[in-house]
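# Residue-level structural notes
Now for the letters of each chain:
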Amino acid sequence: MKSMFQLIASLACVAALTACGAPASTNKAEDLPPQPAYLKTELAAGSGDQVVANDLVQVTYSTFLYDSTKPNSRGAQVDGSPSAIYAIGTGRWLPGADQGVIGMRKGGTVQLVLPSNLAYGVYTYKNPAFTTGVAANTPVVMEITVLGISKPSPSAQVTIIDKTIGTGAEVSATKTLVVHYTGWVYDKTAADQHGTKFDSSVDKGTPFEFTLSSSVIEGWKRGVVGMKVGGKRTLIIPPELGYGFTAQTNIPAGSTLIFDIELLSIK
């Protein structure tokens, strides 16, 4: 499932800053570590349309601690993904990453030096896939390559069908959600429009955990809002809020998706 919805266990701690540590205690300016200036360096030029706000952008990226003594100021790696999808300018990625990909083209690569206010801010962050974490108020360096760009329709929205209304705790932007899900390619000719099944935590026997700021598709982030523990919901997600127009395993390019989701618990 992580290959499909999380794409890698990388959490973008922006807006709600979900899955990050608690914010550090109030710091005076003189207590903060030295902060580099924001810097964007083009490493490779791309081609085609430029990224603008609200585009769905498929990227590969690596994040490092800022260390001015190291080549390209790259210290220990703290995050990364071979393929992640973000809706740019919606507050689901690091502010500096959102800012940095604007104007990029498919195939382009940039390096970004991000002061802490454009990175994780006053929050700590630890991706379990990497040994080193990010302390509060820490600048970082990112290398980002744009793999694909999808232009969402202004009218794109998730269709929500509640099958069971839960009675437990309600979805929170600052909590980890534990769900069972099954995903199908939408097929208007099939029973209940459930076409080819492409993934299921139910079949695997292991619930899926995620946060609203992780790299799940945008349709999930919008579609689970308002759910309560014990609730069951069907989401119909247009391609602009799913995987766009880039084919995935068992999912043709431009597919509308259907997910049956049960909210098991909230951590």
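This text gives an overview of the structure that appears in the document. Going along each chain's sequence as written, the residues are numbered from 1 onward. With pLDDT at 70 or above as the cut-off, local features in this predicted model cover only qualifying residues; side-chain atom pairs require 80 or more to be listed or tallied, and sums for whole chains, interfaces and linings still use all residues. Processing note: side-chain calculations cover all non-hydrogen atoms of the structure and skip hydrogens and water entirely.

A few words now on the overall build of the protein. In terms of regular secondary structure, the protein is built from four helices and 13 strands. Burial classification: accessible surface area is computed with a 1.4 Å probe over protein chains only, and a residue below 20% of its type maximum counts as buried, one above 50% as exposed, and the rest as partly exposed. Residues classed as buried in the protein amount to 49% of the 267 residues present. Residues count as neighbours in contact if any of their non-hydrogen atoms are within 4.5 Å of one another. Taking all contacts inside the protein whose residues are at least 6 apart in sequence as the whole, residues at least 24 apart take part in 75%. Accessible surface area values rest on a Shrake-Rupley calculation with a 1.4 Å probe, where residue burial reflects the displayed protein chains alone. Here the protein displays about 11,700 Å² of accessible surface, and carbon together with sulfur accounts for 52% of that area. Elements are defined by DSSP. Helices are runs of H or I of four residues or more, strands are runs of E of two residues or more, and each kind is numbered from the N terminus.

We now examine the sheet that holds strand S1 (residues 39-44). Spatial strand order, S1-S6-S7-S3-S4: five strands in an open sheet with antiparallel pairing. A strand with exactly one partner marks an edge of an open sheet, and here the two such strands are S1 and strand S4 (74-87). Strand-to-strand twist across the sheet, computed as the mean angle between neighbouring axes with direction ignored, equals 20 degrees. A pair of strands counts as paired when DSSP detects no fewer than two bridges linking them. Two elements, S1 and strand S6 (residues 109-114), share five bridges in a ladder whose sense is antiparallel. Following the sheet pairing, Thr-41 is matched in S6 by Gln-111. Helix axes are fitted only over the stretch in contact, all axes being lines through C-alpha atoms; the angle between N-to-C directions runs from 0 to 180 degrees.

The next thing to look at is the packing of aromatic side chains. Ring geometry is summarised as follows: Phe, Tyr and Trp rings, the Trp one being its six-membered ring, pair when their centres sit within 6.5 Å, and such pairs are stacked at plane angles under 30 degrees, edge-to-face over 60 and tilted between the two. Under the defined criterion, the tally for this structure stands at nine aromatic pairs. Both rings, one in Tyr-61 and one in Trp-93, keep their centres 5.6 Å apart while their planes meet at 65 degrees; by these two values the pair is edge-to-face. With a gap of 32 residues between them, Tyr-61 in strand S3 (residues 56-66) and Trp-93 in the loop between S4 and helix H2 (95-101) connect regions that are remote in the sequence. Residue classification places Tyr-61 among the buried positions, given a relative accessible area of 3%. Summarising the aromatic geometry, the rings of Phe-210 and Trp-220 are spaced 5.1 Å apart at their centres and angled 65 degrees between planes, so their arrangement reads as edge-to-face. You can see Phe-210 sitting in strand S11 (residues 208-210) and its partner Trp-220 sitting in helix H4 (residues 218-223), a full 10 residues away along the chain. In this pair, the class of Phe-210 matches that of Trp-220, namely buried. The structure contains a cluster of three or more aromatic residues connected by ring pairs, namely Tyr-181, Phe-198, Phe-208, Phe-210, Trp-220 and Phe-259.

Keep in mind these values describe shape, not function.
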